[in-house]
Each structure stands twice: as structure tokens, then as C-alpha cells.
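Residue strings, one per chain:
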Amino acid sequence: MEVKNICCIGAGYVGGPTMTMIAAKCPSIRVNVVDINEARIAAWNDPNVDNIPIYEPGLSELVAETRGRNLFFTTEVNKAITEADMIFISVNTPTKTYGVGKGMAADLKYIELCARQIASVAKSDKIIVEKSTLPVRTAEALRSILDNTGNGVNFDILSNPEFLAEGTAVSDLLNPDRVLIGGEDTERGRAAQQALVDVYSNWVPKDQILTTNVWSSELSKLTANAFLAQRVSSINALSELCEVTEADIGEVARAIGSDSRIGSKFLKASVGFGGSCFQKDILNLVYIAQSYGLKEVADYWEQVIIMNDHQKRRFAKKIVKTLFNTVSGKKIAILGWAFKKDTNDTRESAAIYVADYLLNEQAEVVIYDPKVTVDQIYSDLDYLGTRSSQENRNLLKVVNDPMEAVNNAHATAILTEWDEFIDYDWETINDKMLKPAFLFDGRRILDENKLKDLGFDFYGIGKG
Ligand code: UDX
Ligand code: ADP
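Predicted model, so just to flag it, every value in this text is computed and none were measured.

### Examining the overall build of the protein
Thinking step 1. When helices and strands are counted, the protein shows 19 helices and 14 strands.
Thinking step 2. Relative to the compact-globule value of 23 Å for 464 residues, the protein shows a C-alpha radius of gyration of 24 Å, a close match.
Thinking step 3. On the principal axes, the C-alpha backbone points of the protein span a range of 70 × 50 × 45 Å.
Thinking step 4. Across the 464 residues in the protein, those meeting the buried criterion constitute 53%.
Thinking step 5. Here the analysis covers contacts within the protein between residues at least 6 apart in sequence; of these, 75% occur between residues at least 24 apart.
Thinking step 6. Counting only carbon and sulfur atoms, one obtains 50% of the accessible surface of the protein, whose full area is about 20,500 Å².
Thinking step 7. Distance from the positive charge centre (50 side chains) to the negative charge centre (64 side chains) of the protein: 2 Å.

### Observations concerning the packing of aromatic side chains
Thinking step 1. In total, this model carries 14 aromatic pairs according to the counting rule given.
Thinking step 2. For the ring pair Tyr200 and Trp203, a centre distance of 5.5 Å and an interplane angle of 50° mean the geometry is tilted.
Thinking step 3. Between the aromatic rings of Phe315 and Tyr459, the centroid separation amounts to 6.2 Å while the plane-to-plane angle is 45°, which identifies the pairing as tilted. Taken together, the positions of Phe315 in helix α12 (residues 295-322) and Tyr459 in strand β14 (residues 457-460) put the pair 144 residues apart, joining distant regions of the chain.
Thinking step 4. On the basis of relative accessible area, Tyr459 is assigned to the buried category, the value being 9%.
Thinking step 5. Through a chain of ring-to-ring contacts, the aromatic side chains of Tyr368, Phe421, Tyr424, Trp426 and Phe456 assemble into a single cluster.
Thinking step 6. A cation sits over an aromatic face here: Arg137 above Trp215, 4.0 Å from the ring centre.
Thinking step 7. When the ring centre of Phe163 is taken as reference, the NZ or CZ atom of Arg178 above it lies at 3.5 Å.

### Thoughts on the packing of helix α1 (residues 15-25) against helix α3 (residues 59-66)
Each packed pair of helices is defined by two parameters, the angle between the axes and the distance between the axes.
Thinking step 1. Contact geometry of α1 with α3 gives a least axis separation of 9 Å together with a crossing angle of 50°. One element, α1, and the other, α3, form an angle in the oblique class. Taken as a pair, α1 and α3 cross one another with a handedness that is left-handed. When α1 is examined against α3, the residues Pro17, Thr20, Met21, Ala23 and Ala24 are found in contact with a partner set consisting of Leu59, Leu62, Val63, Glu65 and Thr66.
Thinking step 2. For the contact of α1 with α3, a count of residues per class yields seven nonpolar, two polar and one charged.

### Here we look at the UniProt feature "active site" (unreviewed entry) in the protein
Thinking step 1. As annotated in UniProt, the feature "active site" (unreviewed entry) corresponds to Cys277 in the numbering used here.
Thinking step 2. Secondary-structure assignment places Cys277 in the loop between α10 (249-257) and α11 (278-291).
Thinking step 3. What makes Cys277 partly exposed here is its relative accessible area of 23%.

### A few points about the site of ligand 1
Thinking step 1. Every one of the 20 residues lining ligand 1 counts as a neighbour, but Phe163, Glu166, Ser270, Lys340 and Arg443 are closest to it.
Thinking step 2. In the model, an oxygen atom of ligand 1 is placed 2.8 Å from a nitrogen or oxygen of the Lys268 main chain.
Thinking step 3. A distance of 2.6 Å separates an oxygen atom of ligand 1 from a polar atom in the side chain of Arg443.
Thinking step 4. Within the complex, 91% of the 660 Å² of free accessible area of ligand 1 lies under protein.
Thinking step 5. In terms of residue count, the dominant contributor to the shell around ligand 1 is helix α9 (residues 214-245) (four residues).

About the thresholds
Along each chain, residues carry numbers from 1 onward, in the same order as the chain's sequence is written. The order in which chains are written sets their letters, starting at A; the order in which ligands are written sets their numbers, starting at 1. At least 70 in pLDDT is required for a residue's local features to be given in this predicted model, at least 80 for side-chain atom pairs to be given and counted, and no such filter applies to totals for whole chains, interfaces and linings, which use all residues. Each side-chain value is worked out from all heavy atoms of the structure, with water and hydrogens disregarded. Starting at the N terminus, helices and strands are each numbered in turn, a helix being any DSSP run of H or I of at least four residues and a strand any DSSP run of E of at least two. This radius of gyration counts C-alpha atoms alone. The globule rule is 2.2 Å times how many residues there are, raised to the power 0.38. Each residue gets one of three labels from its accessible area relative to the maximum for its type: buried under 20%, exposed over 50%, partly exposed in between, using a 1.4 Å probe on protein chains only. Whether two residues touch is decided by their heavy atoms; if any such pair falls within 4.5 Å, the residues are in contact. All accessible areas in this document rest on Shrake-Rupley with a 1.4 Å probe, and a residue is counted as covered only by the protein chains that are shown. Charge counting follows a simple rule: Lys and Arg are positive, Asp and Glu are negative, and His as well as the terminal groups are ignored. The location of each charge is read from NZ of Lys, CZ of Arg, CG of Asp or CD of Glu. Stacked, tilted and edge-to-face pairs are distinguished by plane angle, under 30 degrees for stacked and over 60 for edge-to-face with tilted covering the rest, among Phe, Tyr and Trp rings (Trp via its six-membered ring) whose centres lie within 6.5 Å. We call a charge positioned above a ring when the Lys NZ or Arg CZ atom is no farther than 6 Å from the ring centre and deviates by at most 35 degrees from the ring normal. Working convention: axes come from line fits to C-alpha atoms, limited for helices to the stretch in contact. Angles between N-to-C directions cover 0 to 180 degrees. Angle categories: roughly parallel below 35 degrees, roughly antiparallel above 145, roughly perpendicular from 65 to 115, and oblique for all the rest. Throughout, a crossing is termed right-handed when the near helix is turned clockwise from the far one, and left-handed when it is turned anticlockwise from it by less than a right angle. The residue classification treats Ala, Val, Leu, Ile, Met, Phe, Trp, Tyr, Cys and Pro as nonpolar and Asp, Glu, Lys and Arg as charged. All others, Gly included, are polar. UniProt positions are given in the numbering used here, feature names are shortened, and annotations may be inferred rather than shown by experiment. If even one non-hydrogen atom of a residue comes within 4 Å of a molecule or strand, that residue is called near it. Nitrogen and oxygen atoms within 3.5 Å of one another constitute a polar contact, given that in protein one can donate a hydrogen and the other can accept it, and given that sequence-neighbouring residues count only through two side-chain atoms.

As C-alpha cells, then:
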């Protein structure tokens, strides 16, 4: 079967870039991306492509090429479902904030709503593709809803998790290490799987397209994120040991990363990992293990999160301790709010937790980030619920100019590894700051010796 019309439900960080790439590489397929969030769709349709809602290097150029040709963003969900042969579900699956599994399990209400909507609208057979990260065996629930509430049409369910990392979405989509497609082991299931293999084959070499059963595919996505996060927590755990032993975590990472069995990627010590996936997916894995009674498995993976929370708190505590055990009334500049460079996404960013800790210590916190909006920063803090939104606005300032952030600051902390921070005129920054000028590099992007020569009291994570 040849796919001619794709509908993607959810125009977020996964759905938006992925569908843009499919549209770019498959000009004969019409791709409709739908979302219930009207403002988000309006932003995707903004005549000025620089205003699309997601910042990713190279994305706006691709949108300019494809939008209106075979890529369309719309809020007409039912129409797009009706026309489609294949429907991707790319809605959000946040950690549950209520009821059973609160704080751990994935909240599948948006997925279920999609399934019910597809079932009630579809008048012809559809291939349904799980794109969002989902707990293993979600396809079972999807199948049950689709078959029991549908109009008697056939639904084939595939799992096709997205492995792109934010900040490098376009190049990850262009040259994926692998594409994973899980399908049901029936004649229809295999045909559906082949239809999606054919879509990706337009640009991905065949031997990089892996086909598995649905459950392996669902579980592999959770596991891939758990393994990556585990590496970050492992190197971060060692960063603390380095700080008390005069070892240097950068040197340790280089030494162990040269072992081809370990490999050099994902060994950068940091103030803690963030992003929408790692914490959520590990909590989900822990919850699944617990629900099967596998306590040791659950505890093993939970430690990755415990270590990450410790790292964020440890960094904030270090600032307070270094500043003579008090930051009350002291101005502290934070450079970077996004959870990593080259994205405007702030979900689970370490900066949120560090700022919250410092605000509890009554510091005057000033934030600068090149891509994150003021509203986003306040809404991230408000979401934590530590203090009222008015208090957050009184205590924390957001500025557009990094020089304003550091002016008269007691300390500057780098929490995102934006390239522009490396190129700053640190001599001028030192001049503007109060003395002693404390500099905390939570990403190890700056040259420690140079900054010490400039007179900074420098603290880089993972070095004694
Ligand atoms: C991750 C996975 O990489 C991706 O495959 C999956 O589809 C979604 O989750 P993402 O969250 O976008 O992608 O970013 P990633 O590059 O994995 O970084 C996650 C966090 O770990 C960031 O906060 C990053 O700064 C941190 N990190 C990463 C480190 O602290 N050290 C490292 O060495 C690598
Ligand atoms: P991700 O990082 O997984 O892409 P996002 O939160 O960026 O997550 O995007 C998910 C999108 O899905 C949001 O824009 C949200 O409005 C949209 N969405 C959620 N439920 C539905 C639904 N039932 N129909 C259409 N869009 C939905």
C-alpha cells in the first residue's frame, strides 16, 4: 500500500520537525499537521518563518520550502483524520500529576482522546502510528479503544518512536542512526509496517530501518532514554568525587571515553540533565517495573533520577556555600534557561531548580537566555508552585542583555551551554561584577585558567 496522505496529531517538538522532514523528503505525500492549540498552529503558519513556535537550527528553512506545497498546519482535526491513510499520534504524554501513579506513570489522557476521536471520525481503514513515547503495551489500549468505538473500519497500529534530540532535530531526522518500526505480526500488520518503511526509504538507507514487534519498539524507546540518562548521571556522580580528590572529570571522561566499548559521547558532566524525555521516561520505566513487582529493577533505574536531583541541588548549594553561606539580597546572574543549547525548550531544565533554590535563599536572581521568552521563564517557576506568581515576578528578573544580567552581580552561573557564552568578553564581565567575582560553570564550557587569570573566583563542575 502506498501512503498518499498523512495526518499528524500534535504540532509540538516531535510532530512539527518530524512531519516537516517527511514532507521535504516525500513531495508526493500530503502531510497535514493538526493541533487543538490554535495559537501554536497560527505560529506554524506565520508568514515569517522565523516566528514558528519551535526553535531548531535549520527548521525554519525547511518549513519555508515545504509549507503550502505538501505540508499544512491546521486545527481542522476531523477533516485531516478523514483524509489520511496514515495517522501519527504525537501528542504529549506528561508524568501524571494526580491519582494512581501520580509523579511516575505517563498520563495517557491525550493519547486516549486522540484514539477516541480517530475512532469516531474514521470512515476508511487507517494505519495508526505511535510517535509519542509511550509505556510498553500502550498499543493494546489503543487497539481496544479503536476496535470497540470505531465504525467497523480496520486500524493497524505501529510503534515508530522518535529518537531525535532537540537542538539537533533537523540533522538527526536527516541522518538518523536508525528508524524503528514496531508492528503486529499479522498479514495486515506486516503490510502496514512495510508502508511506513517505504515512507522512510525515501531518504533513510534500508539497513538502518529496523522492524520489530510493537512491544519491543515501545520498550526500546524508554530504554534508549534510560541508558542515555544513566550515562549522564554516572559522569555527574563521578564529578562530585573529582571535586574532593583533585581528579578532573574532563580528563576522566576523555580517558574512559577512548575505550571503544564505552565510547566518547554523552560523557559531559553538567549541572544535571533536563528535557521532556529523560526524567519522564525513567519514572515511567520505574513505574512499569514496580507494577510488575520487579522492585530491584525499579530501584536500579530510580537511582538515575535521584542522582540527577542531587546534582542540581548540589550545584545550587555550592553557590550559596561559596558566597560565604549567604546569598540573601545578593544579585546572582544566571546565563541560560533552556535545558540545552540550540533549543527554546525549557521542560525540566536544571536552571528552573537552581533558580528556585536560590530564590528560597532570598537571592536576587537575574536571568538571561538567548531564545527563551520572559513568559516561559515565569511560567516554569510558577508551575513549581514554591511561591506565588507575584512573588516570582518580584524576586526574579529576566533581561535581554547579558551585560545587564551580570552588572553588579556577586556571582554568575552558566546553566546552558549556549555557544555565545564562550565568545563573551569575560574581561568586561569581570569589570562589571562585584568583587570577588564568582563564576560557576555548570557546563564546563569556559577556559578555567584564562578566567582565573582575569581575576574570577572560578568554579567548574567536576574539578577540585
Ligand atoms: C533525548 C534523547 O537524546 C533523544 O534520543 C530522545 O528522542 C529524546 O530525549 P533531548 O532530551 O532532546 O533528547 O536532549 P539530549 O541531547 O539527550 O540531552 C538531554 C539532557 O542531558 C540535556 O539537559 C543535556 O544537557 C544533558 N546532557 C547530555 C549532559 O548533561 N551531558 C551529556 O554528556 C549529554
Ligand atoms: P512533544 O515534545 O512530545 O512533541 P509537545 O507538548 O511539544 O510535546 O506537543 C504536543 C502537542 O500535542 C501540543 O501542541 C498539544 O496541544 C497537542 N495535542 C494534545 N492533545 C491533542 C489532541 N487531542 N488533538 C490535537 N492536538 C493535541
